[in-house]
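Chain by chain, the residues run as shown.
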Number of protein chains: 2
Amino acid sequence: MSDFPKHITVYEEGPREAFQSEPVVIQTADKIRLIEALSRTGVRHIQCTSFVDPRRVPGMADAAEVMAGLTRVEAVEYSALWMNTRGLQQALNVPYLKVDGKVRIYPSQTFLRQNMGRTPADHRAKNVEMIELCKELGVPVTQASVASAFGCNFQGDIELGDVLRLVAETFELFQEHGLRLEELSLADTMAWATPDAVTRYLGALRDAYPDLNLRLHLHDTRGMGLANAYAGLQMGVIKFDSSVGGLGGCPFANHKSAAGNICTEDFVHMCHELGINTGIDLEALIDAARFAAEIVGHPLSGRVTAAGTLSEVRRRKSAKAAGSW
Amino acid sequence: MSDFPKHITVYEEGPREAFQSEPVVIQTADKIRLIEALSRTGVRHIQCTSFVDPRRVPGMADAAEVMAGLTRVEAVEYSALWMNTRGLQQALNVPYLKVDGKVRIYPSQTFLRQNMGRTPADHRAKNVEMIELCKELGVPVTQASVASAFGCNFQGDIELGDVLRLVAETFELFQEHGLRLEELSLADTMAWATPDAVTRYLGALRDAYPDLNLRLHLHDTRGMGLANAYAGLQMGVIKFDSSVGGLGGCPFANHKSAAGNICTEDFVHMCHELGINTGIDLEALIDAARFAAEIVGHPLSGRVTAAGTLSEVRRRKSAKAAGSW
């Protein structure tokens with residue numbers, strides 16, 4: 001076990017995923033209760049909502065109310081997604097939110113062109129605009145993320161070489177603006193990663209940038225989510241995004257496909273069984289997952305929520321053994 | 001990719017799992033159709049049914065009819081489970097069945113005692129009885145399997161040292177009867193394995209017995225199934241049991257827990273994406289998984305069946321590109 005990190009950090013994204021992708025209307029009070037339940041599990045980072053155009057994402061119309069209504073836990077860092085100036089200003093209006101600027105890297109030019117109507121040069125200009133806005137508003141910019149890093153439904157397989165080139169350009173972009181790129185997130189947005197690809201990408205990035213913190217954002221759309229996370233752990237990654245209950249898409253409901261992030265409770269259970277500390281109370285997390293299933297109105301994909309954890313089996317066994325004396 | 005095996009073999013157990021564990025009555029004709037559909041996927045080994053007491057496993061009452069009604073595919077090896085003399089004789093009554101004797105190893109003494117009412121000595125005697133019966137009937141005995149090799153809900157964690165000791169005793173047992181143990185299967189019957197444990201077990205067994213073929217029988221009850229399979233592939237394992245659709249328990253139905261084997265189509269998809277050949281036509285397998293879901297009357301857990309395969313996305317993309325000329 002000694003090759004694995006001793007402690008990893010979970011960035012919980014379930015609330016934001018659920019509020020934006022679930023087809024049902026979730027009451028503001030329930031949104032608040034879900035975030036509060038997660039706050040009590042030992043999770044230290046919760047992405048609560050998105051400040052985006054409610055005409056495009058109706059589930060986010062009450063983002064400000066959700067943030068205003070929250071009873072917070074001191075140790076938890078709360079964040080929100082934002083994509084433009086208006087969103088950033090809304091995020092800054094919530095005094096306790098952790099607000100960061102993140103440079104977004106799109107190795108899929110087809111996605112950039114077809115879905116965002118941008119050339120690579122346009123996109124670079126947007127990133128420059130975002131950096132300048134953040135500097136003006138005193139918002140730190142230390143992170144970048146690679147969207148669809150391993151493959152893209154619009155472009156197909158993504159070459160590691162292309163990702164490395166874009167990361168090198170991103171380092172230059174940071175430097176040009178007097179900034180330092182401290183953390184790079186690899187997002188398997190459309191679930192093209194394999195554990196082998198995760199290993200190769202992380203190896204190449206670590207070789208090129210030994211001081212760069214690497215983070216993984218994995219989806220379980222094709223069942224390889226935890227295998228990919230395991231490959232990340234083997235490579236020493238200590239930061240993982242995940243969603244309670246695998247929120248963000250459910251293959252068992254009437255969705256066209258399963259888009260969900262890796263499921264926090266299954267991932268945390270795997271970490272604990274590997275002897276890796278997460279600081280999370282797994283039983284409390286499972287309670288939060290059950291509440292999440294209740295408010296979205298369908299079963300979620302968490303396996304340990306359905307089957308129970310191994311530590312629970314061990315506990316029951318010891319209780320029984322003690323009772324038999 | 002070069003560290004992985006170039007080709008692995010899937011032992012499909014879905015039919016037997018479904019017929020024994022699904023709460024609905026599956027028509028004999030549908031059982032036959034499922035096995036026939038699987039026969040046309042390129043899968044070379046199908047465990048079709050169990051010859052067991054139909055009072056205990058009612059879904060197996062038509063085992064002989066299923067085997068008699070099957071239109072077979074030449075290249076496929078069909079097998080069935082049997083647990084006692086009567087079952088063995090029923091299996092031998094089906095002329096085309098591959099019938100093998102398998103020594104069963106139970107590192108969980110608690111399970112042996114509580115569920116089978118046997119001491120380790122009783123169990124050894126049963127194995128000797130089975131070996132002698134097989135020799136008498138000309139049935140080859142070359143395999144052994146370790147049940148709940150990584151942990152047991154009745155006993156808790158299992159020590160690798162105990163497994164190694166029992167395997168050594170099994171080698172002796174084979175030798176005493178003039179037999180050779182050629183293949184050892186590690187079964188994670190109750191889903192206690194982690195990828196780390198799989199790596200350690202396989203490493204220790206390979207060190208001790210370099211010529212022994214190792215096989216994995218994994219469950220996905222707590223979501224680690226494919227991560228465990230990946231660890232097996234990393235260790236060069238080339239034989240894997242799995243169930244189409246993850247049959248053998250569904251966490252999303254009203255079952256108490258998710259007991260299913262790893263899902264064949266998700267596992268095969270992972271192998272193909274890792275560049276490992278399985279000889280299986282994944283789209284045909286997905287069709288069989290859809291049919292399986294139909295006859296058991298609830299959605300199954302296959303992720304690629306819900307989301308589609310990456311090769312399908314690649315095909316659609318090329319077709320589109322070709323069409324644009």
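Scroll up a little and you will see the structure.
Described below are features of the structure shown in this document. Because the structure is a prediction, the values reported are computed rather than measured.

The rules behind each value
Residues numbered from 1 in each chain as written. Chains lettered and ligands numbered in written order. Predicted model: local features only at pLDDT ≥ 70, side-chain atom pairs only at ≥ 80, totals over all residues. Heavy atoms only, no water. Salt bridge = Lys/Arg side-chain N within 4 Å of Asp/Glu carboxyl O. Helix = DSSP H or I, 4+ residues; strand = E, 2+ residues; numbered from the N terminus. Axes fitted to C-alpha atoms, helices over the stretch in contact; angles between N-to-C directions. Parallel < 35°, antiparallel > 145°, perpendicular 65-115°, else oblique. Left-handed = near helix turned anticlockwise from the far one by under 90°. Contact = heavy atoms within 4.5 Å. Nonpolar A, V, L, I, M, F, W, Y, C, P; charged D, E, K, R; others polar. Buried < 20%, exposed > 50% of the residue type's maximum accessible area, 1.4 Å probe, protein only. Least-squares fit on C-alpha atoms with pLDDT ≥ 70 in both. Buried area = accessible area lost by both parts, 1.4 Å probe. Polar contact = N/O pair within 3.5 Å; in protein donor to acceptor, adjacent residues only side chain to side chain. Phe/Tyr/Trp six-rings, centres within 6.5 Å; stacked < 30°, edge-to-face > 60°. Lys NZ or Arg CZ within 6 Å of the ring centre and 35° of its normal. 1 Å grid on protein atoms, 1.4 Å probe; cavity = no way out; pocket = protein on both sides within 12 Å on 5 of 7 lines; lining within 4 Å. Points joined across faces, edges and corners; volume = space filled by probe spheres on them. Pairing = 2+ DSSP bridges.

1. A closer look at the pattern of salt bridges
All names here are of chain A.
- Within the structure shown, the criterion is met by 40 salt bridges over all chains.
- Notably, a salt bridge pairs Lys 98 with Asp 100, separated by 2.6 Å at the nearest N-O pair.
- Across the pair Lys 239 and Glu 183 runs a salt bridge whose closest N-O atoms are separated by 2.6 Å. In this pair, Lys 239 sits in strand E10 (residues 239-242) while Glu 183 sits in strand E8 (residues 183-187), placing the two residues 56 residues apart along the sequence.

2. Here we look at the packing of helix H10 (residues 264-273) of chain B against helix H11 (residues 282-296) of chain B
Residues and elements named next belong to chain B.
- At a closest axis distance of 10 Å, the pairing of H10 and H11 adopts a crossing angle of 165°. As judged from the angle between their axes, H10 and H11 are roughly antiparallel. For the crossing formed where H10 meets H11, the hand is left-handed. Contacts between H10 and H11 involve Thr 264, Glu 265, Val 268, His 269 and His 272 from the first element and Leu 282, Leu 285, Ile 286 and Ala 289 from the second.
- Looking at side-chain class alone, the contact of H10 with H11 contains five nonpolar, three polar and one charged residues.

3. Considerations on unusual backbone geometry
- In this structure, A:Ala191 is a non-glycine residue whose phi angle is positive, near 60°.
- Here A:Ala191 is to be found in the loop between E8 and helix H8 (195-208).
- One non-glycine residue with positive phi stands out, namely B:Ser148, at about 45°.
- Relative to the assigned elements, B:Ser148 resides in the loop between strand E5 (141-146) and strand E6 (151-152).
- Overall, B:Ser148 belongs to the buried group, its relative accessible area being 5%.

4. What to know about the relation of the copies chain A and chain B
- Overlaying chain A with chain B gives an RMSD of 0.0 Å, the required rotation being 180° about an axis along which the chain moves by 0.0 Å. Both copies are brought into coincidence by an operation consistent with a two-fold rotation axis. The position closest to the rotation axis in chain A is occupied by the C-alpha of A:Ala227, lying 1.9 Å away.
- Here 100% of the contact residues of chain A are again contact residues in chain B; the copies associate through an equivalent surface.

5. Things to note about the interface of chain A and chain B
- The partner chain B presents 44 residues to the 44 residues of chain A that form the contact.
- Counting each side, the surface lost to burial between chain A and chain B is near 3,800 Å², with a carbon and sulfur contribution of 62%.
- Viewed at the interface, chain B and chain A are joined by four salt bridges.
- Applying the counting criterion to the chain A and chain B interface returns nine residue pairs in polar contact (both at pLDDT 80 or more).
- Here the residues of the side of chain A that touches chain B are counted per class, giving 21 nonpolar, 13 polar and ten charged.

6. Describing the packing of aromatic side chains
All names here are of chain A.
- Overall, the coordinates contain 14 aromatic pairs over all chains when judged by the stated rule.
- For the pair Phe 4 and Tyr 230, a centre-to-centre distance of 5.7 Å together with 50° between the ring planes defines the contact as tilted. Of this pair, Phe 4 sits in the segment before strand E1 (9-12) while Tyr 230 sits in helix H9 (residues 225-234), and the two are 226 residues apart along the sequence. This pair shows no difference in class: Phe 4 is buried, exactly as Tyr 230 is.
- Taken together, the ring pairs in this structure connect Tyr 106, Phe 111 and Phe 154 into an aromatic cluster.
- Sitting above the plane of the Phe 19 ring, Lys 31 keeps its charged end 5.1 Å from the centroid.

7. Section: empty space enclosed by the protein
- The full count for this structure, using the stated rule, is four cavities of 30 Å³ or more.
- The volume enclosed by the largest cavity comes to roughly 290 Å³.
- Taken together, 23 residues line the largest cavity, and the ones lying closest to its centre are A:Asp220, A:Gly223, B:Asp220, B:Gly223 and B:Arg303.
- The set of elements that each furnish at least two residues to the lining of the largest cavity consists of H9 of chain A together with helix H9 (225-234) of chain B.
- Broken down by element, the lining of the largest cavity gets its largest block of residues, three residues, from H9(A).

8. What about the sheet that holds strand E3 (residues 77-82) of chain B?
Residue and element names in this part refer to chain B.
- Strands sit in the order E3-E2-E1-E10-E9-E8-E5-E4 across an open sheet of eight strands; the sheet is parallel. This sheet does not close on itself; its edge strands, each paired only once, are E3 and strand E4 (101-105). Neighbouring strand axes in the sheet, compared pairwise and without regard to direction, differ in orientation by 25° on average.
- Here strand E9 (residues 213-217) pairs with strand E10 (residues 239-242) via three bridges, running parallel. By the bridge assignment, His 217 is partnered in E10 with Asp 241.
- Seen against the sheet, helix H2 (residues 28-39) touches strand E1 (9-12), strand E2 (45-51) and E3 and runs at an angle of roughly 160° to E2.

9. Thoughts on the pairing of E1(A)
Residue and element names in this part refer to chain A.
- Two elements, E1 and E10, share four bridges in a ladder whose sense is parallel. Looking at E10, one finds that Thr 9 is bridged to Lys 239.
- Bridge analysis of E1 against strand E2 (residues 45-51) gives two bridges, and the strand direction is parallel. The residue bridging Tyr 11 from the neighbouring strand is His 45, located in E2.

No statement about biological role is implied by the geometric values presented.
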